[in-house]
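Observations on the three-dimensional arrangement
Residue strings, one per chain:
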Amino acid sequence: MKKKELPLQKFESITVTLLILSGITLLSLLPLGAIIGITSPYFDYAGVLHIILLSLALLTTAIFVLRLALLSTTTAKVSLFISALFILFAALNSFAPVTARDALIHHLAVPKWWVEAGRIIDINWHEWSYYPMLLNLAYTFLLKHDLEHLCGIYHLSYLLLLAGVVSMFLWRKLRDAETALLGFLITVSLPINIRLAAGPLVDLGLALYATVTVIALVRWGTEGFFKRYAFTAGLALGLALGCKYNALLFAVVLFFTTLIFASRRNAKPAQIITAVFLVAFPAILLFSPWLFKNILWAGNPLYPLYKGILGGATTSAGVPTLKPLEQRFLLYGESWFDIVTMPLRMIILGADGSGRTYDGVLSPVLFLAIFPLFALKNQNWKGYFYLTALIYFVFAIFMAAARVRYNAPIFGIILVLSAAGFKVVSGFFESRYKKLITAIIITIHTMFAAGYCYTFEKRKAALAYIFQNDHSSKAKSEYLKRTIPEYGMIEYINNNLPEDSVVYLLYTGNKFYYYHRNVISGGHFSANWLLRRIKHARSADDLARDLRRRGVTHLMAHLERTRRGFEEILSDEDKLIWNEFIRDYARPIYADNGFGLWEIAIEPLNNAEANDTPLSLPATPPEEDENKRLY
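Report follows, based on the coordinates. (Residues numbered from 1 in each chain as written. Predicted model: local features only at pLDDT ≥ 70, side-chain atom pairs only at ≥ 80, totals over all residues. Heavy atoms only, no water.)

Regarding the pairing of strand 3 (residues 554–558)
Along strand 3, 5 of the 5 residues are buried, which leaves the element largely enclosed by surrounding structure. The alternating pattern of strand 3 places His554, Met556 and His558 and Leu555 and Ala557 on opposite faces, both of which are buried. By the bridge criterion, 5 bridges tie strand 3 to strand 5 (residues 595–600) in an arrangement that is antiparallel. Opposite Ala557, over in strand 5, you have Gly596 as the bridge partner. (Buried < 20%, exposed > 50% of the residue type's maximum accessible area, 1.4 Å probe, protein only. Helix = DSSP H or I, 4+ residues; strand = E, 2+ residues; numbered from the N terminus. Pairing = 2+ DSSP bridges.)

A closer look at the state of the cysteines
Within the structure shown, the criterion is met by 0 disulfides. Considering cysteine sulfurs only, Cys243 is the nearest to Cys151, which forms no disulfide, with 15 Å between them. For Cys151, a relative accessible area of 0% translates into the label buried. (Disulfide = S-S within 2.5 Å.)

Points about the pattern of salt bridges
On inspection of all chains with the given rule, the structure shows 28 salt bridges. When the shortest N-O distance is used, the salt bridge between Asp338 and Arg345 registers 3.8 Å. The same class applies to Asp338 and to Arg345, which are both buried. A salt bridge links Glu486 to Lys511, with the shortest nitrogen-to-oxygen separation between them at 3.4 Å. Here Glu486 is found in the loop between helix 23 (473–483) and helix 24 (487–496), whereas its partner Lys511 is found in the loop between strand 1 (502–506) and strand 2 (518–520), with 25 residues between them in sequence. Each member of the pair, Glu486 together with Lys511, is buried. Because the salt bridges share partners, they merge into one network encompassing Arg101, Asp102, Asp203, Lys244 and Arg405. (Salt bridge = Lys/Arg side-chain N within 4 Å of Asp/Glu carboxyl O.)

Overview of empty space enclosed by the protein
Gaps between atoms show up when a probe of the same size as a water molecule is rolled over them. Scanning the model with the defined rule gives 3 cavities of 30 Å³ or more in all. Computed from the structure, the largest cavity encloses a volume of approximately 60 Å³. Forming the boundary of the largest cavity are 13 residues, of which Ser94, Ala96, Val98, Ala198 and Pro200 lie nearest the centre. Along the lines of polarity and charge, the residues of the lining of the largest cavity split into 6 nonpolar, 5 polar and 2 charged. (1 Å grid on protein atoms, 1.4 Å probe; cavity = no way out; pocket = protein on both sides within 12 Å on 5 of 7 lines; lining within 4 Å. Points joined across faces, edges and corners; volume = space filled by probe spheres on them. Nonpolar A, V, L, I, M, F, W, Y, C, P; charged D, E, K, R; others polar.)

Focus: the layout of surface pockets
The calculated volume of the second largest pocket comes to roughly 800 Å³. Around the second largest pocket, the lining comprises 29 residues; the ones closest to its centre are Pro343, Ile347, Ala389, Phe393 and Ile414. At the level of secondary structure, the elements contributing two or more residues to the lining of the second largest pocket comprise helix 17 (336–340), helix 18 (342–349), helix 19 (382–399) and helix 20 (411–426). Looking at the lining of the second largest pocket element by element, the count peaks at 8 residues for helix 19.

A closer look at the sheet that holds strand 2
The strand order 2-1-3-5-4 describes an open sheet built from 5 strands, whose pairing is mixed. The two strands at the open ends of the sheet, each matched to only one other strand, are strand 2 and strand 4 (586–592). Across the sheet, the mean angle from the axis of one strand to that of its neighbour is 25°, orientation sign disregarded. Across 6 bridges, the pairing between strand 4 and strand 5 is antiparallel. The partner of Ala586 across the bridge, within strand 5, is Ile600. In the packing of helix 27 (residues 559–569) onto the sheet, contacts are made with strand 1, strand 3 and strand 5, and the angle to strand 3 comes to roughly 90°. (Axes fitted to C-alpha atoms, helices over the stretch in contact; angles between N-to-C directions. Contact = heavy atoms within 4.5 Å.)

Quick notes on the nonpolar core
Here is a general trend for soluble globular proteins: nonpolar side chains tend to be buried in one another's company. Counting residues in each nonpolar core, the largest one holds 191 residues, and the members touching the most others are Leu134 and Phe385. Here this core takes 16 residues from helix 8 (residues 151–174), the largest share from any one element. Each residue touching Phe385, except ones within four places of it in the same chain, is listed here: Phe169, Val214, Val218, Ile413, Val416 and Leu417. Formed by 30 residues, the second largest nonpolar core is a distinct cluster that contains Leu531, Ile534, Leu570 and Phe581. (Core = buried A, V, L, I, M, F, W, Y, C linked by side-chain atoms within 4.5 Å.)

With respect to the environment of Ser79
Here Ser79 shows up in helix 4 (residues 74–94). For Ser79, a relative accessible area of 2% translates into the label buried. Spatially, the C-alpha atom of Ser79 lies 9.9 Å from that of Gly183, the residues being 104 residues apart in sequence. Those residues in contact with Ser79 that lie beyond four places of it in its chain are Leu181, Leu185 and Ile442. For Ser79, the side chain forms a polar contact with the main-chain oxygen of Ala76, separated by 2.4 Å. (Polar contact = N/O pair within 3.5 Å; in protein donor to acceptor, adjacent residues only side chain to side chain.)

Function-wise, these values are silent; they only describe arrangement.
This is the structure we're talking about:
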């Protein structure tokens, strides 16, 4: 008797269940690591169980995609092969030494410090350590077992699962294998996703759980208002909130758009109230460990957000900062027309490494997302998707800098609409031309994504490193020196400073992970902490004693950025104190690639004749009051 196969639509429910169970298991590492310690075997048991559940979710995704390919045309099968090539590219890149900026600042740095401490601890000078860090808990588990090289692969797994969830939703709603496989291809080959997947970050975890939340709410609103779908959405939303604070805005937007969606679906008031409770309760429950942690450590559940309202230490030194739209108007000279057309400009003009160009690359294939707006009239979920994506995007550019990856919560929505747009466009043509249209769309997107991979490899040179014969520590060092400007200085600090040294990093980019000596900084604006010390100091001697009293033994600075920043911020009086401090209390030790290292002396260095130092600032001495002269 032939064994009955599992229906394809069942794979979505199985995968989502495994994803939520793996996320809850991962969250358990927070109380375990904080209360009984990272060294406890129970921490390892939970970590291993999480990896097993996540692997099973990946397995169900792989089976679904392979079975879907059997139902599709040759052209669609080719798209699956192309997808595999992009996945391989991202996977190989993830094995190179970590260079992703945010990973070095906190996604790996904080787990490293937790592992060194043996438990999850408060790092009170490091604002980023108060952010929700769901995926960072997995990095803590991996670093504990010296598996740094798997951290990037771990983040890549969330991209594969996101692609699987997008594909599963498209199959269930459209019953079109080609469209579902194209959704898988677009997701794994979108340039911003490749870049994120190549490093140990958290954005793809946020994108995945946010997408699961929206899909569960769609099922609640279109399949009988079943309570289990609302509860599933709440669990997924709670895990999304644990990934990154961006999910807070997403949750607020979902509340309003889901109410509109439910009213359009003729939901009864009792059904809506019940759904709100079933979403909110598990979401808050799963988010609450991060809130309690911040209340205990900072007195503010959302620290470092809303410090003026909820309290918590401040790192402000009175440095003025521009609001997001002010940055676009004043720094980049944009107009309201540029702001209104920003989604199109992100697709066309996006580039890595620059705030002006949204720090991310998308693909022309996303223009297809506009077509379902005018078609697919029987798909009542599409209006919900458009409204959620539009409102989130608008509020995001008003509340945060316009960056492609800050829109991670709506990645899944845009990808679904883009793939659905392919089905609409192909429907404009006779059946004999559909294969040609499919091939053209796949070719255009593939060439664009491949071109991005070429420039990404040219910039990062990860594949050249992976396939070279020499993988010694010296070769790793040379690679990192090429990709991280301050790595030569980091090596010098690690090899030459005493183990009890504390180095203050000033305008260096805060790449904390590779330092093996104690380092501190002032947060996102690294100068703020030191600026407060300067403004409160009465003299250079007072400043030197203050820094030493707080444990700071050395100062590392990017010379040009420090001079430029301090010149704009400090008053003439403060500049004179700073110049005297650098001259009399900062002993130069080492300089490399535009960075300098100084030891903070206990006593004056008697360098009165050395008036011009690399960090000296032009300052006008205050005019003397003749009436106050004694002689």
